[in-house]
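Working through the structure, step by step
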Amino acid sequence: MTTTLRPTEPLQRTVDGSRSRHYAVCVNSRPVGTLHLATHPVYGPSVAQVLDLSVDEPDRGRGRGTVAALAAEEVARSWNCRRIEASVPAHQAGLLRLAAALGYVERNRNMAKALPGRPPALPAGSVGRRMTEAEFGPWLAHGKEQYARTVMERGASEKEARQKADRDHAALLPEGVATPDVLLSVLEQDGQSVGTLWLAQRGDGAYVYDIEVGPAHRGRGHGRSLMLLAEADSLAAGATRIGLNVFAGNTTAQRLYESLGYAATVHHVYKQLL
């Protein structure tokens, strides 16, 4: 039996060069699943995304998904893409195994936890306070620089990365420290500033956009204190769940989050196309 991809629509193209197409996964012309492939809306036409890949239950475990994923890579190459990416829910263990077998590696993951019934206490001497207007400017400049570097590592030019950093921070923090549903905090230890926290409220949940401990204060447990502060502030705002993102190479942060009860919800993986 031969597994192939059959387009179910014409190739969708936009003026900026983006592409998108839906396919049926077929075995001897019999549809057994679906695939949606597109180029990345942020990183441009050189990066492809598998937005959906599913195989019907009766045909699973027979290599249909493997062949479909490999065929998607060939389509991406024909689009002149240099990289292909996918986001896999953590509960879909089969897709995660397939991605690993095909050479995909994890770039980052989303993690989340249910908040406890009462706010956690900070260690002795640790106090959280709101960021001041004077502190916001330097903090924002540093954050945009770090963000732009991350975007450049994913293939964007320096100009594109800096434009994205400016655009995204402007959208997320339109009123600076006074932005509604956003809490920008500073952690102090015995009266000395040791780290910062960027927390946003999302309905009945909260999201940690960024925590950072100052270089001179690392390795002393302040990262854990910042996360406890995030949980306390989230509970005070009425949240019942909290989430965050962590990059694959940041094993120290990943272990910290796991020790606090966070679990992966989505794995973001990629593969270079030769």
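As shown above, the structure is provided for reference.
This section reports on the structure supplied with the text. (Residues numbered from 1 in each chain as written. Predicted model: local features only at pLDDT ≥ 70, side-chain atom pairs only at ≥ 80, totals over all residues. Heavy atoms only, no water.)

1. A look at the environment of Leu 228
Tracing the backbone shows Leu 228 in helix α5 (residues 222-236). C-alpha of Leu 228 to C-alpha of Pro 119: the two residues are 109 residues apart in sequence and 8.1 Å apart in space. Discounting chain neighbours no more than four positions away, the residues touching Leu 228 are Pro 120, Ala 121, Leu 122 and Leu 260. (Helix = DSSP H or I, 4+ residues; strand = E, 2+ residues; numbered from the N terminus. Contact = heavy atoms within 4.5 Å.)

2. What to know about the packing of aromatic side chains
Going through the model one piece at a time under the given rule, you end up with five aromatic pairs. Between Phe 136 and Trp 139 the ring centres are 5.8 Å apart and the planes differ by 35°, which places this aromatic pair in the tilted class. With Phe 136 and Trp 139 both in helix α3 (residues 133-153) and three residues apart, this pair spans about one turn of that helix. By the burial criterion, Phe 136 is buried, and Trp 139 matches it. Pairing Tyr 207 with Tyr 209 gives two aromatic rings, centres 5.0 Å apart and planes at 70°, and the pair type is edge-to-face. Against the face of Tyr 270 rests Arg 107, its NZ or CZ located 3.9 Å from the ring centre. Across from the ring centre of Tyr 207, 4.3 Å away, lies the NZ or CZ of Arg 202, which sits over that ring. (Phe/Tyr/Trp six-rings, centres within 6.5 Å; stacked < 30°, edge-to-face > 60°. Buried < 20%, exposed > 50% of the residue type's maximum accessible area, 1.4 Å probe, protein only. Lys NZ or Arg CZ within 6 Å of the ring centre and 35° of its normal.)

3. Remarks on the pattern of salt bridges
Scanning the entire structure with this criterion turns up 19 salt bridges. Across the pair Glu 73 and Lys 271 runs a salt bridge whose closest N-O atoms are separated by 2.9 Å. Of this pair, Glu 73 sits in helix α1 (residues 64-78) while Lys 271 sits in strand β13 (residues 263-272), and the two are 198 residues apart along the sequence. Notably, a salt bridge pairs Glu 74 with Arg 77, separated by 2.7 Å at the nearest N-O pair. With Glu 74 and Arg 77 both in helix α1 and three residues apart, the pair spans about one turn of that helix. The class of Arg 77 is partly exposed, set by a relative accessible area of 27%. A single salt-bridge network, built from bridges that share partners, covers Glu 73, Glu 74, Arg 77 and Lys 271. (Salt bridge = Lys/Arg side-chain N within 4 Å of Asp/Glu carboxyl O.)

4. Some words on unusual backbone geometry
Even without a glycine there, the phi angle at Asn 80 is positive, about 65°. With respect to the helices and strands, the residue Asn 80 is situated in the loop between α1 and β6 (83-89). Note on Asn 80: relative accessible area 60%, which makes it exposed. Phi at Asp 190 is positive, roughly 50°, even though this residue is not glycine. By the element assignment, Asp 190 lies in the loop between β9 (182-189) and β10 (192-202).

5. Points about helix α6 (residues 251-259)
The set of residues buried in α6 consists of Ala 253, Gln 254, Leu 256 and Tyr 257. One side of α6 carries all its buried residues, which in axial view fall inside an arc of 160°. Set apart from the buried face of α6 by more than 90 degrees, the exposed residues are Thr 252 and Arg 255. For α6, the secondary structure elements touched by its buried residues are β7 (105-114), β11 (205-213), α5 and β12 (241-247). One or two steps after α6, the chain reaches Gly 261, where phi turns positive at roughly 100°. (Arc of directions from axis to C-beta.)

6. Thoughts on the nonpolar core
In terms of nonpolar packing, the biggest core is built from 26 residues, with Tyr 23, Val 25, Leu 35, Leu 37, Val 50, Leu 53 and Ile 84 touching the most fellow members. For this core, the leading source of residues is α1, giving five residues. Sequence-distant contacts of Ile 84, that is, excluding residues within four places in its chain, are made with Leu 37, Ala 48, Val 50, Ala 72, Glu 73, Ala 76, Tyr 104, Val 269, Tyr 270, Lys 271 and Leu 273. If you look at the next biggest cluster of nonpolar residues, it comprises 24 residues, including Leu 115, Leu 197, Leu 244 and Leu 256. (Core = buried A, V, L, I, M, F, W, Y, C linked by side-chain atoms within 4.5 Å.)

7. Details of the environment of Asp 190
A residue is classified by how much of its surface remains accessible, and Asp 190, at 63% relative accessible area, is exposed. It is 30 Å that separates the C-alpha atoms of Asp 190 and Arg 241, two residues lying 51 residues apart in sequence. Within the structure, the side chain of Asp 190 is placed 3.5 Å from the side chain of Gln 189, a separation counted as a polar contact. (Polar contact = N/O pair within 3.5 Å; in protein donor to acceptor, adjacent residues only side chain to side chain.)

8. Describing the packing of α5 against α6
In contact at an axis separation of 11 Å, α5 and α6 are set at 50° when each is read in the N-to-C sense. By the angle class used here, α5 and α6 are oblique. Handedness of the crossing formed by α5 with α6: right-handed. The residues of α6 that touch α5, namely those facing Gly 223, Arg 224 and Met 227, are Leu 256, Tyr 257 and Ser 259. (Axes fitted to C-alpha atoms, helices over the stretch in contact; angles between N-to-C directions. Parallel < 35°, antiparallel > 145°, perpendicular 65-115°, else oblique. Left-handed = near helix turned anticlockwise from the far one by under 90°.)

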